[in-house]
Amino acid sequence: MSGTVELRTMANAIRALAMDAVEKAKSGHPGMPMGMADVATVLWTRFLTYDPADPDWPDRDRFVLSAGHGSMLLYALLHLTGFPKMDMGQLERFRQLHSLTPGHPEYGHTPGVETTTGPLGQGLANAVGMALAERMLAARFGRELVDHWTYVIAGDGCLMEGISHEAAALAGHLVLGRLIVLLDDNGISIDGPTKLATSEDVRARFAAYGWHTLSVDGHDPEAVASAIAEAKADPRPSLVACKTIIGFGAPNKQGSEATHGAPLGAAEVAAARERLGWHHPPFVIPEEVYAAWRAATQRGVAARAAWKARLEAAPAGLRAAFEKAMAGAIDAEVAAAIAAHKAKLVETRPTVATRKASEMALEALTAAVPELVGGSADLTHSNNTITKATKPIRPGVFEGRYVHYGVREHAMAAMMNGIALHKGLVPYGGTFLVFSDYARNAIRLSALMGLRVVYVMTHDSIGLGEDGPTHQPVEHLASLRAIPNLLVFRPADAVETAECWEVALQQATRPSVLALSRQNLPAVRTAATAANLCAKGGYVLAEAEGGARALTILATGSEVHLALEARTRLQERGVPTAVVSLPSFELFDAQEPAYRMAVLGTAPRIAIEAASPFGWARYAGSEDDVVAVRGFGASAPAADLFRHYGITTDALVSLAETKLGLRRAA
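An account of the accompanying structure is given in this report. (Residues numbered from 1 in each chain as written. Predicted model: local features only at pLDDT ≥ 70, side-chain atom pairs only at ≥ 80, totals over all residues. Heavy atoms only, no water.)

**Side note on the packing of helix 7 (residues 162-174) against helix 8 (residues 202-209)**
- Taken N-terminus to C-terminus, the directions of helix 7 and helix 8 make an angle of 45°; their axes are 8 Å apart at the nearest point. Considering their axes alone, helix 7 and helix 8 lie oblique with respect to each other. Here Ser164, His165, Ala168, Ala169, Gly172 and His173 of helix 7 lie close against helix 8, whose contacting residues are Arg205, Phe206 and Tyr209. (Axes fitted to C-alpha atoms, helices over the stretch in contact; angles between N-to-C directions. Helix = DSSP H or I, 4+ residues; strand = E, 2+ residues; numbered from the N terminus. Parallel < 35°, antiparallel > 145°, perpendicular 65-115°, else oblique. Contact = heavy atoms within 4.5 Å.)

**Notes on the packing of helix 15 (residues 354-368) against helix 20 (residues 494-505)**
- Interhelical geometry of helix 15 versus helix 20 gives an angle of 55° and a closest axis separation of 9 Å. Accordingly, the angle class assigned to the pair helix 15 and helix 20 is oblique. Crossing handedness for the pair helix 15 and helix 20: right-handed. Together, Thr354, Ala357, Ser358, Ala361, Leu362 and Leu365 of helix 15 and Ala494, Thr497, Ala498, Trp501 and Leu505 of helix 20 make up the contact between the two elements.
- Per-class residue counts for the contact of helix 15 with helix 20 are eight nonpolar, three polar and no charged. (Left-handed = near helix turned anticlockwise from the far one by under 90°. Nonpolar A, V, L, I, M, F, W, Y, C, P; charged D, E, K, R; others polar.)

**Quick notes on the pattern of salt bridges**
- Counted according to the given criterion, the structure contains 32 salt bridges.
- Here Asp38 and Arg8 are joined by a salt bridge, their closest N and O atoms 3.0 Å apart. You can see Asp38 sitting in helix 2 (residues 31-47) and its partner Arg8 sitting in helix 1 (residues 7-25), a full 30 residues away along the chain.
- With its nearest N and O atoms 3.4 Å apart, the salt bridge here joins Arg304 to Asp54. Pair noted here: Arg304 is in helix 12 (residues 298-313) and Asp54 is in the loop between helix 2 and strand 1 (62-65), with a separation of 250 residues, a long-range link.
- Take Arg304: its relative accessible area is 18%, and that puts it in the buried class.
- In this structure Asp54 comes out as partly exposed when scored by relative accessible area, which is 26%.
- Salt bridges sharing common partners tie together Arg140, Lys324, Glu333 and Glu371. (Salt bridge = Lys/Arg side-chain N within 4 Å of Asp/Glu carboxyl O. Buried < 20%, exposed > 50% of the residue type's maximum accessible area, 1.4 Å probe, protein only.)

**Here's the deal with the layout of surface pockets**
- By volume, the largest pocket is sized at about 440 Å³.
- Lining the largest pocket we find 29 residues, and of these Pro55, Asp56, Arg60, Val113 and Glu114 sit closest to its centre.
- Those elements that provide at least two residues to the lining of the largest pocket are strand 1, helix 12, helix 13 (316-327) and helix 17 (409-422).
- Broken down by element, the residue count for the lining of the largest pocket peaks at three residues, all from helix 13.
- Of the volumes computed, that of the second largest pocket is approximately 370 Å³.
- Considering the residues around the second largest pocket, the lining is formed by 22 residues, among which Gly157, Ile188, Ser189, Ile190 and His260 are closest to the centre.
- Taken together, the elements giving at least two residues each to the lining of the second largest pocket come down to helix 6 (156-160) and strand 4 (188-189).
- If one sorts the elements of the lining of the second largest pocket by residue count, helix 6 sits on top with four residues.
- Taken together, the residues that form the lining of the second largest pocket break down as 11 nonpolar, seven polar and four charged. (1 Å grid on protein atoms, 1.4 Å probe; cavity = no way out; pocket = protein on both sides within 12 Å on 5 of 7 lines; lining within 4 Å. Points joined across faces, edges and corners; volume = space filled by probe spheres on them.)

These values are about where atoms sit, not about what they do.
If you want it as structure tokens, here you go:
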């Protein structure tokens, strides 16, 4: 009971709002909200700590609706508990343009939505990242400031997706006991009964990961409450399988796929109202039901007030460090660390792979920025992502700053999203560029949510050599560059790598990919510059000499030094040639037209990149003007591959001769 209103009545308010909103939109998923309404009501009235007046207060519990198709469950909860702007009008505009109630929950769009979900399993993996962030921050700042839980509602589909295996296995290994997953165990998917496609014992599977597991009648509020209480008392992460009836209350459709992803229809909605004893018009909630829901929020209001008192009483230094971490205010430290690091690089001019240059930059950055948290998908010493300052996390021990994700690229990316969403930490993680395909959906969601996540993608071309075409990325740069709001960097040497790291970490609302070489590269930036030249995405590295530009060569990464060699040969033949380094297409395209024109010039242009030529036409004129890889790679030493595929100075000079109509050099 909450006051004089029964929990079932409070849950029926969720069911009614879900039915009505989907019916009015003529689109949506009523079955899951109706089936999980009892579980959600217990969670939000008895356990979840939140305050609608301050949806983002740092020590709130996190609630993740991994089964994002059931978004009306969350929107109904946010409305009933009084979250800002979530008035009834928003529910009536479910799935309509510019409403706060889109088809799937969207982070940053709707107050109270902790992460964007919809692609199944992503929310579960985000939640593992949130739970890890909570433990790491508690280890740094203490339980007086960081002491909360992460709750998830997931569906059968979430657990069918492979990412759930990756993330849940790591959660069990790390003993993330502040994570509780409530499974909507309704046995139904879009095609029909889940037995059409799966017969696994989900509880046994999670137990094998090291989880605490329970099973409960999802329509028995007291049983649900007892299960959650038991889960909270166990030191392991918990899976509570809630046996539910999808579309609960719809007398002719409940328990079937008919309620999953389509409106119930006016007749079935009316019949459900009768079955549930809900005798109120569409989108009408009795005042006593509102009062019961609002009363349930008072526990969180009191918890936030107590937390604020603890924060104000904390030592000044601890409080300042905590507030700085939660604000993500790292720009000054990043800039200072990179400035000092660049000065050393200009003096020493190292010939190193850009993956090694990244490690050198990270040594400086992680020493200066305690919020930086690294990791790798079992490629730590290939990606060069660990530093002296980033000691590894171990099961149950969270004082470190480095996560061994194992061979789990997809979970790594989604967990980093969860870490970033939690706030207080800035995650970066490494794998090979070719394996960005495994992580692509989570990378896309990083961009969609506008998260500061840095993907360290090494072995960026055929230059990785003998591992062959399965490991050699060709189309990956172009495909990543196609993702909106994602910055893709391909630096040419140690200085550019340092600058790209600085820019990536200064992007508070944008993820970045650093594509880095396996092979050593010579220094091309040898003069000291206070300005970060990579910040504009492209710049003139070497201007034409001996007259107006006759040709501009564009290049990225490991091919920039080849462009400079070609320039030398063309200059010797009396062809004034400029070289432009383009480490980031996205940043360059964002510059003012005058700047872009000054860099590109009006002379003919050619380009070189050891990747697909797709996307280069907007700079070079056409793909025929690009020295590139047109097909998959092969297994051989890097030098042999560059010659075999024509990624050479000779090929670039030959293309210039053709472009300018020059006589071939003897």
